Amino acid sequence: MRKFLGVLFIVVTTVLGLVLGVVWSVRTSLIGSSAPITTALRNGRVYDRALNELLPQFVNDPSRTGSILANVPVSAADLTTIVQQTITANYLQQQVERSLGVAFDVVYGRTNVQTMDFVIPLQDVKRRLPIAIQDRLAAELRALPVCATDQLADYQKRKDLNSALPPCLPKGTDVQQLIAQSGKITDITKNIPETLDVGNALRTAQPDSSGHTPEQSVEKIQSAVRLGMRGLWGVTVLWLLIVLGTAALFIPHWRRVLQWLGASLACASTLFLAGTIVGWQAVPKTLTAHDQFGQVIVTIFQPVGRELVGDVYHRMLLIASLGIILAIASFVAAYFLPNAKRLKS
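Conventions and cut-offs
- Residues numbered from 1 in each chain as written.
- Predicted model: local features only at pLDDT ≥ 70, side-chain atom pairs only at ≥ 80, totals over all residues.
- Heavy atoms only, no water.
- Helix = DSSP H or I, 4+ residues; strand = E, 2+ residues; numbered from the N terminus.
- Rg over C-alpha atoms; globule rule 2.2 N^0.38 Å.
- Buried < 20%, exposed > 50% of the residue type's maximum accessible area, 1.4 Å probe, protein only.
- Contact = heavy atoms within 4.5 Å.
- Areas by Shrake-Rupley, 256 points an atom, 1.4 Å probe, with all protein chains shown as cover.
- Lys, Arg positive; Asp, Glu negative; His and termini not counted.
- Charge placed at Lys NZ, Arg CZ, Asp CG, Glu CD.
- Polar contact = N/O pair within 3.5 Å; in protein donor to acceptor, adjacent residues only side chain to side chain.
- Core = buried A, V, L, I, M, F, W, Y, C linked by side-chain atoms within 4.5 Å.
- Expected span 1.5 Å × (residues − 1).
- Bend = angle between axes of the 7 residues up to and from the residue.
- Disulfide = S-S within 2.5 Å.
- Patch = residues over 30% accessible without salt bridge, like charges linked within 9 Å, V, L, I, M, F, W, Y side chains within 5 Å.
- Salt bridge = Lys/Arg side-chain N within 4 Å of Asp/Glu carboxyl O.
- Phe/Tyr/Trp six-rings, centres within 6.5 Å; stacked < 30°, edge-to-face > 60°.
- pLDDT = per-residue confidence, 0-100.

Participant: When you look at the overall build of the protein in this model, what are you seeing that I'm missing?
Facilitator: Helix and strand counts for the protein come out as 14 helices and two strands. Here the protein has a C-alpha radius of gyration of 32 Å; the compact-globule value for 345 residues is 20 Å, and the former is much larger. Along the longest, intermediate and shortest principal axes, the C-alpha atoms of the protein span 115 × 45 × 30 Å. Residues counted as buried form 33% of the 345 residues belonging to the protein. Taking contacts inside the protein between residues at least 6 apart in sequence as the whole, the part at least 24 apart equals 76%. When the accessible area of the protein is evaluated, it comes to approximately 19,800 Å², of which 63% is carbon and sulfur surface. Here the protein carries 32 positive and 23 negative side-chain charges, and the mean point of each set is 19 Å from the other.

So, in structure tokens, the structure goes:
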């Protein structure tokens, strides 16, 4: 009867151990903090590549830009240059990393909507953008030919720089004055705030269609995370009790106690190790997308995903190896115990 229960307990602990091993590996290596994600994004040079590879693909696709260029007399290539001169990779990195940090603080209850201090500075963007647009427009205008007499009417129609550049410029035209008179730069500048206070925006936001405010939605997420962590710890304690219970079935035969304890740990750890190795080999080395824009996204973020999966993989190897070491230690201890070792009453 003891052996039957022992085998049954080992089956249960093996199944639970495989699930817990995966969950704890992900929890401790990937979603415990924002550090693994921010590190992977840095190592993958995502911010530079987003500006240099993804941005040109985006602005050159009319189905994605929509009407962005409809009322601006600049080409897709010009817009790419303007954005690259306005938003730097370093700025992107700072905002993304801070956003991730705040998000993890909120999810894990270290802060909430009422105390959230998350302000995105836009002063530098507001300063750089008009300069970049003005420089680009000035370069385009200076490259235009001098208007012939029969072209002056067309020039007058388009000198406000609305949606398209004029076909030419009258001789002696002051390009900077022409841009200033068009009002394009002023309109763009006044629509950009100095800062974007995300925390305040959430605090003052109206309830959604279900009647929940952002604060209530955040509280639901925090409650779910707390419940999930309590459940994870509860299942972990249950697994540990079953492992110890498997060994306790054979008290006072201490040698057998250690042997069954080692067997319980060895079964779960060995299968977990084998599954980890097989799973890592099954991870696709390359991914593809259906369109060019999607493929650029895949190419940029694939190294990031592989690094994050690699972090989980190495944590799984660590947990499996620790279990195997403990199992071996139990078998070794059992080997050196005398056969007749019993608990004295």
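Participant: Hey, could you run me through the side chain of Ser269 in this one?
Facilitator: Along the chain, Ser269 turns up in helix 13 (residues 254-282). There is a polar contact of 2.8 Å between the side chain of Ser269 and the backbone oxygen of Leu265. Those residues within four positions of Ser269 in sequence are excluded, and the remaining contacts are Ala320, Gly323 and Ile324.

Participant: Sorry if this is basic, but what is going on with the nonpolar core here?
Facilitator: A general trend in soluble globular proteins is that nonpolar side chains are found buried together. By size, the foremost hydrophobic cluster in this structure holds 29 residues, and its most contacted members are Leu137, Leu141 and Ile179. Ranked by the residues each element gives to this core, the list is headed by helix 7 (residues 123-142), at seven residues.

Participant: Can you walk me through the environment of Gln177 in this structure?
Facilitator: Its location among the elements puts Gln177 in helix 9 (residues 175-182). Residues Gln177 and Val235 lie 58 residues apart in sequence; the distance between their C-alpha atoms is 72 Å.

Participant: I would appreciate a short explanation of unusual backbone geometry in the present structure.
Facilitator: Excluding glycine, most residues fall at negative phi; most peptide bonds, likewise, are trans. The linkage connecting Ile251 with the following residue, Pro252, adopts the cis geometry, with an omega of 15 degrees. With respect to the helices, strands and loops of the structure, Pro252 is situated in the loop between helix 12 (214-248) and helix 13.

Participant: Would you take a moment to explain helix 3 (residues 46-59) for this structure?
Facilitator: Since the α-helix packs 3.6 residues into each turn, any two residues three or four apart lie on the same face. Compared with an ideal rise of 1.5 Å per residue, which puts 14 residues at 20 Å, helix 3 spans 18 Å between its outermost C-alpha atoms and is within 8% of the ideal. Along helix 3, the sharpest kink reaches roughly 30 degrees, centred on Glu53 and followed within four residues by the proline Pro56. Of the residues making up helix 3, those classed as buried are Val46, Tyr47, Arg49, Leu51, Leu54, Leu55 and Val59.

Participant: Would you explain the state of the cysteines in this entry?
Facilitator: Throughout this description, disulfide means a covalent bond between two cysteine sulfur atoms. Tallied over the entire structure, the rule returns one disulfide. Across the disulfide, Cys147 is cross-linked to Cys168 (sulfur-sulfur distance 1.9 Å). Where Cys147 bonds to Cys168 through sulfur, the torsion about that S-S bond is close to 100 degrees, and the disulfide is right-handed. Pair noted here: Cys147 is in the loop between helix 7 and helix 8 (152-158) and Cys168 is in the loop between helix 8 and helix 9, with a separation of 21 residues, a long-range link. Taking relative accessible area as the criterion, Cys147 reaches 13% and is therefore assigned buried.

Participant: Teacher, can you tell me more about a nonpolar patch on the surface here?
Facilitator: A surface patch of nonpolar side chains, about 440 Å² in accessible area, is lined by Met1, Phe4, Leu8 and Val12. Structurally, the position occupied by Met1 is in the segment before helix 1 (2-29).

Participant: Where do I start with the side chain of Gln222 in this structure?
Facilitator: Within the element layout of this structure, Gln222 appears in helix 12. When near neighbours in sequence (up to four residues on either side) are disregarded, Gln222 contacts Val106, Val107, Gly109, Thr111 and Asn112.

Participant: Is there a simple way to think about the packing of aromatic side chains in this case?
Facilitator: For any pair of aromatic rings, geometry is given as the distance between the ring centres together with the angle between the planes. Throughout the structure, instances matching the rule amount to six aromatic pairs. Note on Tyr335 and Phe336: the rings are 5.2 Å apart at their centroids and 85 degrees apart in plane angle, and the pair reads as edge-to-face. Here Tyr335 and Phe336 have matching classes, each one exposed.

Participant: How should I be thinking about the pattern of salt bridges in this particular structure?
Facilitator: A side chain with one charge can pair with a side chain of the opposite charge if their charged atoms come near. By the definition in use, this model includes eight salt bridges. The residue Arg42 makes a salt bridge to Glu97 at a minimum N-O spacing of 2.5 Å. In this pair, Arg42 is assigned in helix 2 (residues 35-43) and Glu97 in helix 6 (residues 89-107), connecting sequence segments 55 residues apart. When its relative accessible area of 17% is taken as the criterion, Glu97 is described as buried. Of the charged contacts, one joins Arg136 and Glu140 as a salt bridge, the two residues approaching to 3.9 Å between their closest N and O atoms. Taken as a pair, Arg136 and Glu140 lie in helix 7 at a separation of four residues, close to a single helical turn. Here Arg136 falls in the partly exposed class, since its relative accessible area comes to 29%. Taking the relative accessible area as the measure of exposure, Glu140 reaches 23% and is therefore partly exposed.

Participant: Looking at this structure, I do not really get the environment of Ala201. What am I missing?
Facilitator: For Ala201, the location among the structural elements is in helix 11 (residues 198-203). Placed 116 residues apart in sequence, Ala201 and Leu317 show a C-alpha to C-alpha distance of 43 Å.

Participant: Mind showing me how you'd approach the confidence of the model for the protein here?
Facilitator: Any region with low pLDDT has predicted coordinates that should not be read closely. In this model, the protein carries an average pLDDT of 88, and 94% of its residues clear a pLDDT of 70 or more. Ranking the elements of the protein by mean pLDDT puts helix 4 (residues 62-65) last with 62 and helix 2 first with 95. In the predicted structure, residues 340-345 sits below a pLDDT of 50 and forms nine contacts with residues beyond four places in sequence or in another chain.

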